[in-house]
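Spelled out, the chains give:
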Amino acid sequence: MAVIINGSGTVTGLAVGGLPDGSVDADTLAANSVTAAKIVDGTIVDAEVTSLAASKLTGALPAISGAALTGIDAATVSSTAPSSPAQGDMWFDSTASVVAMKVYNGTAWNTMSNIPFTATGGTITTDAGAVYRYHTFTSGGTFTAQHSGVIDVLLIAGGGGAGSEHGGGGGAGGYIAESLTVSATSYTITVGAGGAGGARGGSGSSYWGNKGSNTTGFSLTALGGGASGSHAQGDVGTLDNGGSGAGGSSGSPSAGVGTAGQGNNGGSYYSAYYGGGGGGAGGVGVNGASGKAGDGGTGLAWLDGTTRAGGGGGGAYNGGSISDAGSGGSGGGGQGGWNNGSDNHGRAGTANTGGGGGGTGNDYATVGGSANPWGGSGGSGIVIVRYAI
């Protein structure tokens, strides 16, 4: 075997078998001394390169086709979770109601962060700064979460109706404000109606107001507002208790009791002529006094800045001015009536605030051509859901 070394330093005629151990140690070659051009056929095939250390690779690498890459794990795309996952495995859940990337923590699949929470149901609005989205229910419906997430909820029950004949004010509907974690499922919403006010005519309980209806959703129940009684028409018993209690009257002396965490007690009556104010979510009803029926208890402002669930004002038998009657509590409480013809009836609580109805004034004042004063009806309830966009 002839070994030729030409003037440029190229070695030819050297077979691998011609060396004692059939190999050439790279450390015996000068740096950059071997190139494809110096090999007889000008190429190096895969079979000729084995056990190449990463430290020996320098400079820019050529483009590599992804099809040639092996041993790299990719996320499973499926509506069904992968079987026998290992911690750190990823899964893109393609279920229509989910559509999110998940990672296995060793015991469960967790949705990865920065997945926006979305939902349907109710009347949907966005605040001016596009920070929060609101779903408002003024009647029954369904809230459907497309993903799991945290929401703020407000539930207000229907306000209580007020009694006729200088009755107390109706109690506000129960007020519940919570922050909850929901899953990707549907939640049934029920919005309570306000209780009807009492009317003069008939006897006994026809003069009483009616209790507000409950509002439910997310396994929570806001209780309807308490209803007030009437002058000399019997005691309403526990009918005046509720989310917030109704104001007292001469026929039903004990003011209604509110529910802890949802509302407050009503105010007591004064003499036979001035009803107490209904309780509100933010404060107790004001007691009736000489020459002045009790004002309704104040409501509460929620995260949207709106105050709701005020108690109804008490009715005034004597006095011909609105100043003699009880004012409705802030947040939708109805104004109490006073002794001035058409002004003697109690005003209704504002719709979708859960405000209590206002009590009636003088029972003998003429309204619409007949002696028929009536108590104000309670305002209907509401449910609002808020979450960050």
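The coordinates are above.
Residues numbered from 1 in each chain as written. Predicted model: local features only at pLDDT ≥ 70, side-chain atom pairs only at ≥ 80, totals over all residues. Heavy atoms only, no water.

Novice: Tell me about the nonpolar core, and name the residues and values.
Specialist: If you look at the biggest cluster of nonpolar residues, it comprises 21 residues, and the most contacted ones within it are Phe 117, Phe 143, Ile 151, Val 153 and Phe 218. Mapped onto this core, the elements with two or more residues apiece are β10 (141–145), β11 (149–156), β12 (175–182), β13 (186–189), β15 (220–222) and β18 (382–388). Among residues more than four places away in sequence, those in contact with Val 153 are Ile 176, Ala 177, Glu 178, Leu 180, Phe 218, Leu 220, Trp 302, Ile 384 and Val 385. Among the nonpolar cores identified, the runner-up in size contains 10 residues, and Leu 154, Ala 172, Ala 281 and Ile 384 belong to it. (Core = buried A, V, L, I, M, F, W, Y, C linked by side-chain atoms within 4.5 Å. Buried < 20%, exposed > 50% of the residue type's maximum accessible area, 1.4 Å probe, protein only. Helix = DSSP H or I, 4+ residues; strand = E, 2+ residues; numbered from the N terminus. Contact = heavy atoms within 4.5 Å.)

Novice: Which residues make up the sheet that holds β12, and what are the values?
Specialist: One open sheet holds the 5 strands; their spatial order is β8-β9-β18-β11-β12, and the pairing between them is antiparallel. The open sheet terminates on both sides in strands that have one partner only, identified here as β8 (123–126) and β12. Across the sheet, the axes of successive neighbouring strands diverge by a mean angle of 20°, strand direction being ignored. The pairing of strand β9 (residues 132–137) with β18 spans 6 bridges and is antiparallel. The residue bridging Tyr 132 from the neighbouring strand is Ala 388, located in β18. (Pairing = 2+ DSSP bridges. Axes fitted to C-alpha atoms, helices over the stretch in contact; angles between N-to-C directions.)

Novice: Please give an account of the sheet that holds strand β7 (residues 119–120) that cites residues and values.
Specialist: With antiparallel pairing, the 3 strands of this open sheet are ordered in space as β7-β10-β13. Edge positions in the sheet fall to β7 and β13, since each has one partner strand and no second. As paired strands, β10 and β13 are joined by 4 bridges and run antiparallel to one another. Across the sheet, Phe 143 pairs through a bridge with Tyr 187, a residue of β13.

Novice: How would you sum up the packing of aromatic side chains? Please name residues and give values.
Specialist: Here the structure, examined in full by the defined rule, presents 7 aromatic pairs. Centre to centre, the rings of Tyr 134 and Trp 302 are 6.4 Å apart; their planes meet at 75°, and the pair counts as edge-to-face. Remark: Trp 302 occurs in the loop between β16 (300–301) and β17 (307–308) and Tyr 134 occurs in strand β9; sequence separation between them is 168 residues. Comparing Tyr 134 with Trp 302 shows no difference in burial state: the two are buried. Put simply, the rings of Trp 91, Tyr 104 and Trp 109 pair up and form one aromatic cluster. (Phe/Tyr/Trp six-rings, centres within 6.5 Å; stacked < 30°, edge-to-face > 60°.)

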